[in-house]
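Residue strings, one per chain:
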Amino acid sequence: MEEYKSALSVQEGIEQPVSVNPYFQRKKASRKALSADEYVNGILAHDRVILSQAITLVESTNPDHFDLAQTVIEKCLPHSGNSIRIGITGVPGVGKSTFIESFGQYLTNLGHKVAVLAIDPSSERSKGSILGDKTRMERLSVDPNAFIRPTPSGLTLGGVARKTRETTILCEAAGFDVILIETVGVGQSETIVKSMVDFFLLLMLAGAGDELQGIKRGIMEMADALIINKADGDNLSKATAAKAQYRSALKLFPPNENGWEPRADICSALNNDGIENVWNIICQFKNLTQSNHYFFKQRDEQLIKTFYDWVDFSIKNNFYSNNVIKNKIEELEILVKEKKISPYQAGSQLIEISR
């Protein structure tokens, strides 16, 4: 009997290319996992590639990376602490990136090694960040004595504080003696950054008007110096007048425990005018606070705060990772939405079962 042949036949298709560039696949496959000692030795040898990989390890949310990251940090800790840590903040449009690039290049020309840790806001919707600081600081990003590392803020500022503190340790161990930490803007992040730096610099604009009134008092009380940026062209006279006003306002604040009187000055980051004065102010602050030992006292207090912050973070993380808690939360959320129980009663029940 002649074999039946269907009129329908499947033709062999064209082989589709892989969706990922094979070069990147080979590169990823060939990357060797580093040990803690290899990370530390690379950092101490000022290897920027390994430093970047170590920071990525610290920032990783993968639980498998945590122990290795902590080992690296602990081994780098004895080699850290030899820098001046400077927090820089200001409202959007004040020229933070331009200032940091101009200031950073001034410092590298003096022979300093500068690390810029820029905190970028994360989207509540997509959870992503632009991380565009290297594109905004084109000249500084190619400076051999500078290192720029943007960090996504994520959804919790506490996470930023922990990661930034740990990144600071790694950068100091890698030989960077000036650490610049740029914040996302004016808000709660300033308080957190203040708790991890030696000197807090507030960039201002002349003639900004009423939009700054709501934040002036709180932020100004934290600032060690107010620098009015964009003091050039037609804006120079306004900036000079604003400097006098801010100097008068600073005198009304109670004296600082460290004996430092906050300064107000002007600069033009675009024209590199006044940048030297800013560094002189920071050096004067460092000399004063080191001579009266407040500099070291503040560092000790920051370490203790880091300790308590980590305890709080760990307790909260372990609490919400517990499967019993997770299941109970789902039940309580339904009851709260149906108004069968108040949010406060639900919270009390949740705490009760965790005991």
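Everything quoted here is computed from the prediction, not taken from an experiment.

Thresholds, definitions, all that
- Residues numbered from 1 in each chain as written.
- Predicted model: local features only at pLDDT ≥ 70, side-chain atom pairs only at ≥ 80, totals over all residues.
- Heavy atoms only, no water.
- pLDDT = per-residue confidence, 0-100.
- Contact = heavy atoms within 4.5 Å.
- Buried < 20%, exposed > 50% of the residue type's maximum accessible area, 1.4 Å probe, protein only.
- Helix = DSSP H or I, 4+ residues; strand = E, 2+ residues; numbered from the N terminus.
- Pairing = 2+ DSSP bridges.
- Core = buried A, V, L, I, M, F, W, Y, C linked by side-chain atoms within 4.5 Å.
- Expected span 1.5 Å × (residues − 1).
- Salt bridge = Lys/Arg side-chain N within 4 Å of Asp/Glu carboxyl O.

For the rest of this paragraph, the subject is the confidence of the model for the chain. Taken over all residues, the pLDDT of the chain has a mean of 83, while the share at 70 or more is 79%. pLDDT under 50 marks residues 122-132. Its contacts with residues more than four places away, or in other chains, come to 21 contacts. In this model, residues 210-215 is a region of pLDDT below 50 whose contacts with residues beyond four sequence positions or in other chains number four contacts.

What follows covers the pairing of strand β5 (residues 199-204). Extensive coverage of β5 is indicated by the burial of six of its six residues. The two faces of β5 match: F199, L201 and L203 on one face and F200, L202 and M204 on the other face are all buried. Inspection of the sheet shows strand β1 (residues 84-89) paired to β5 by four bridges, in the parallel sense. Opposite I88, over in β5, you have L201 as the bridge partner. Relative to strand β6 (residues 225-228), β5 runs parallel, the two sharing four bridges. Paired with L202 across the two strands is L226, which belongs to β6.

I43, V72, L170 and L226 are the most contacted members of the largest nonpolar core, which has 49 residues in total. Looking at this core element by element, the count peaks at six residues for helix α3 (residues 48-59). Look past the residues within four positions of V72 in its chain and what remains in contact with it is A36, Y39, V40, I43, L57 and L170. M137, W260, V278 and F295 belong to the second largest nonpolar core, which has 32 residues in total.

For helix α5 (residues 96-109), with 14 residues, the first-to-last C-alpha span of 20 Å sits near the 20 Å given by 1.5 Å per residue. Within α5, 10 of the 14 residues are buried, leaving the element largely enclosed by the surrounding structure.

Counting across every chain of the model gives 11 salt bridges. R85 serves as the salt-bridge partner of E172, at 2.8 Å between the closest nitrogen and oxygen. Linking E172 in helix α8 (residues 157-173) with R85 in strand β1, this pair joins segments that are 87 residues apart in sequence. Comparing E172 with R85 shows no difference in burial state: the two are buried. Through salt bridges that share partners, R165, K305 and D309 make up one connected network.

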